[in-house]
Structures are given as structure tokens and as C-alpha cells.
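Breakdown of the fold
Letter by letter, the chains look like this.
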Amino acid sequence: MANINENYLKLKAGYLFPEIAKRVKAYSEKNPSAKVIRLGIGDVTLPIVPSIVDAMVSASKEMGTSEGFHGYGPEQGYSFLLKSIAENDYAPLGIKIDENEIFVSDGSKCDCGNIQEIFSTDAKIAVADPVYPVYVDTNVMAGRTGEIGSDGRYSNLIYMPATRENGFQPEIPKEKADIVYLCYPNNPTGAVTTKEALKAWVEYAKKNNSIILYDSAYEAFISEPDVPRSIYEVEGAKEVAIEFRSFSKTAGFTGLRCAYIVIPKELKGRTRSGEEVSINSLWSRRHTTKFNGVSYVTQKGAEACFSPQGKKEIQTSIGYYMSNAAKIRDGLKKAGYEVFGGINAPYIWLKTSDNLSSWDFFDRLLNQAQVVGTPGSGFGPAGEGYFRLSAFGKKEDVEAAIARISAL
């Protein structure tokens, strides 16, 4: 009998979203006539826009011809998509990103979870609290943490509370962290940061030889002009930061799977003996060893996101979701809830009513309003007493959900 990786046994009983699905399934089986409205998991509901569909249909037809067939492609991504990303996502911000600094993948969740593999198992990790669970769980699996305590925190992990009192902005650690996870616009709180705040993080990273893992999956939902869209807008960030972006929520690719990670050539790590090593080269080696690349058809669809018509259609979809966010935010405020987010992000973070715990509030909404959201405690101990609602539902469902919650 083979021995197991016992670090997996440190994990909580189940990943957050499967636990939600289990509870909803149990309720639905007992109440088959109930219409449950799901505003929990951040999955999109609008169909893929026509420009992307047309590009993928055309690419599929290419694949049916001898001259247009594509087998294994470059693991890092086809040049046509890498070039489009650099020219459309970064050049307008005054940021020069080379094609060989971009790696196309099948999702930001995968990238955020897999990136830790190229760092030492004794690296000290810092995460915001509350936080996207993948950041924590993958480091638990790798053995970088101790056991989970009664307070819900893993030992040997630096938690940076993001609370109402500090405007949901994690404070820079007083101790040295080797790896710092940041997410803006934030999942789950919907908070955004400033360029000045990012400068302070870059300075911290330079001072401590740290690397910042910057999750920018929701960048396309930013509506306010002064909010930074990339950490690379800060001078010197290329020397200390990796950035993650995704087509999932931006263009509805949750079922198609396409994202990318940017690792600048200036970014270095160190061996135990102090020798500098290119992080870009390390990730390239890992990526090409463990990944065969995103399909040609999907990458042609992703390229279409950057066409003039594609941009227009995607902005319409984003506008639809952000209109939902405004409805949720305004409706909950009128109902007396304390609400955050929903302006530059598709998530609304609310204080639970009657001092209920996050899971008790989940059960109340499910059983009394047939509305599903995400308990804040599932994102970390500092999320206790809060709840996340997603704006990715259909307009009519969002309106019905807010009416039901308001009537409680």
C-alpha cells in the first residue's frame, strides 16, 4: 500500500463550493418544487458573444482541412494570441510585455494553484483574510503550513486581515514573507486598491526579496478611472510580481477554459546558496512539462475578444453583470444591509443580519428565500459574519432574489 501526502489531511473537510452544492442539493431534493436562485459561485450565465462564436466556428472548420489542421500547439500559447494580449491588455497602459513573458493556460484557478510548485516548500506565505481559498489550500497541500487551529487559521501562514475597519485592505506584514498573494479587484470583498498602495507593496517586496502573486482576474470590471488595472503600472513591479488574468468572467470562458499568466524576465528567485534564477524560465519548464496547451479553437476564440466588435460585445456583457451588481447593492442597502463592493467588481460583500454566522445566514437564505450565496467564513476567519453574492445571474433572477431577501 502506497503512503499518501499527509498534508492533504490538514485541509478542511471539503472545498467551499462543493460544500455549498451539497447543501443546495439536499434542500432541492426535499423541496423539488422550490425555485432556487443561485448567486453563489462566480459562474457566468450569458452566452458566448457572436464574435467569439464565429471565430471558433471558423477555427473548427480549419481543423477539418488538411492545410488548416492543428495538432499539438506551443504550450505557452500561439503567437497570434500572445501578441493580441500584449497589444490590447498592456500596451494601452504604457506597459511593454514581450510574448515570451506570457503563458496561456486553461484557467487562473489552475495558475494560482500551480505557481506555488516552483517555490521552495519552506517559503513563507502571506495571504489576505478573507481570501480566494485556492491560494491557501494549495500551499497546505504542498506542506508549507502547519495544522489548522481552532480559530480557522493554519499555523506557519501569515494572515493579513482585510476588514471593515481597514477598508478591506490587507496591511503589509511586519515580518518577512517570501510569497505574497494579492487580488484586485478583490474576490470576495469587491474592494480595489490604489497605485500608491501598490507602490508600497512593491517597495516591501524589493526590501524583503519577496515575490507578489497578483490575481487580476476581474480587471475588466473596473469602472472608476483612477483604479489601477495592472500591478505593472507601478515602476519596478516587473522585478517582483507575477500577474494572473483570465477570459473566464471577462468573456464568458468558464466552460471554454482560457487564461494567462505574465512572468517578466526581470523577475528572479534564489537558490539556497544565493544564486539568482529566472522565474520565467522555471515556469516555462514546469508549464511545458505538465501542460499540452490550450486548444487552437479556444485560442482563436480568445483572440476574437480583442477585435473591435469583440470588445464591444464583451463590454455589453460586462455592463449587464455590473447592472446586476448595482441592483443587488442598492436593493440590499434599501433593505437595511451593510454592503460593500459591486462597483468595480461583480461581487457584493454584505454583513449578515441579526449577527448570524456566515453559514447560519446561508441556511436562512436557502430555506426562507431559496437564494444561494457564499458564506464569508469560507474565505477565511476574517470573513465570518459576512456573505458574498455574485452578479453573474440573469437579470430577472437577481431582481427576484433581492425581492425575496428584502422580504425576510
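One structure accompanies this document, and this report is about it. (Residues numbered from 1 in each chain as written. Predicted model: local features only at pLDDT ≥ 70, side-chain atom pairs only at ≥ 80, totals over all residues. Heavy atoms only, no water.)

**Observations concerning the packing of helix α2 (residues 50-63) against helix α9 (residues 296-304)**
At a closest axis distance of 8 Å, the pairing of α2 and α9 adopts a crossing angle of 145 degrees. Crossing hand, α2 versus α9: right-handed. Counted together, Ser51, Ile52, Ala55, Met56, Ala59, Ser60, Glu62 and Met63 of α2 and Tyr296, Val297, Thr298, Lys300, Gly301 and Ala304 of α9 form the full contact between these two elements. The residue inventory of the contact of α2 with α9, partitioned by class, reads eight nonpolar, four polar and two charged. (Axes fitted to C-alpha atoms, helices over the stretch in contact; angles between N-to-C directions. Helix = DSSP H or I, 4+ residues; strand = E, 2+ residues; numbered from the N terminus. Left-handed = near helix turned anticlockwise from the far one by under 90°. Contact = heavy atoms within 4.5 Å. Nonpolar A, V, L, I, M, F, W, Y, C, P; charged D, E, K, R; others polar.)

**Examining the nonpolar core**
The nonpolar side chains of a soluble globular protein tend to be buried with one another. By size, the foremost hydrophobic cluster in this structure holds 98 residues, and its most contacted members are Ile52, Ile85, Ile212, Tyr232, Phe247 and Leu332. Ranked by residues supplied to this core, first place goes to helix α10 (residues 308-334) with seven residues. In contact with isoleucine 212, other than residues within four places in its own chain, are Val180, Leu182, Trp201, Val202, Ala205, Ile231, Val240, Ala241 and Ile242. Counting 30 residues, the second-largest nonpolar core is a separate cluster that includes Leu11, Val131, Val140 and Phe244. (Core = buried A, V, L, I, M, F, W, Y, C linked by side-chain atoms within 4.5 Å. Buried < 20%, exposed > 50% of the residue type's maximum accessible area, 1.4 Å probe, protein only.)

**Let's talk about the packing of aromatic side chains**
This model, assessed by the stated rule, comprises 25 aromatic pairs. Measuring from ring centre to ring centre gives 6.3 Å for tyrosine 184 and tyrosine 214, while their planes differ by 40 degrees; the resulting arrangement is tilted. Pair noted here: tyrosine 184 is in the loop between β5 (179-183) and α6 (195-208) and tyrosine 214 is in strand β6 (residues 211-215), with a separation of 30 residues, a long-range link. Relative accessible area serves as the criterion here: at 0%, tyrosine 214 is assigned to the buried category. Between phenylalanine 361 and phenylalanine 387 the ring centres are 5.0 Å apart and the planes differ by 75 degrees, which places this aromatic pair in the edge-to-face class. Taken together, the residues span a long stretch of sequence, with phenylalanine 361 in helix α11 (residues 358-369) and phenylalanine 387 in strand β15 (residues 386-390) at a distance of 26 residues. Through successive ring pairs, a cluster of aromatic residues spans Tyr218, Phe221, Tyr320, Tyr321, Tyr347 and Phe392. A cation over an aromatic ring shows up here: lysine 300 above the ring of phenylalanine 80, its NZ or CZ 4.4 Å from the ring centre. Positioned above the aromatic ring of tyrosine 386 is the side chain of lysine 351, whose terminal nitrogen or guanidinium carbon lies 5.2 Å from the ring centre. (Phe/Tyr/Trp six-rings, centres within 6.5 Å; stacked < 30°, edge-to-face > 60°. Lys NZ or Arg CZ within 6 Å of the ring centre and 35° of its normal.)

**Some details on the pattern of salt bridges**
With the rule as written, the count across this model stands at 26 salt bridges. Among the ionic pairs, glutamate 219 bridges to arginine 245, the shortest N-O distance being 3.5 Å. With a gap of 26 residues between them, glutamate 219 in the loop between β6 and β7 (241-246) and arginine 245 in strand β7 connect regions that are remote in the sequence. Each member of the pair glutamate 219 and arginine 245 is classed as buried. Look at the salt bridges and you will find they share partners, linking Asp89, Glu219, Arg229, Glu243 and Arg245 into a network. (Salt bridge = Lys/Arg side-chain N within 4 Å of Asp/Glu carboxyl O.)

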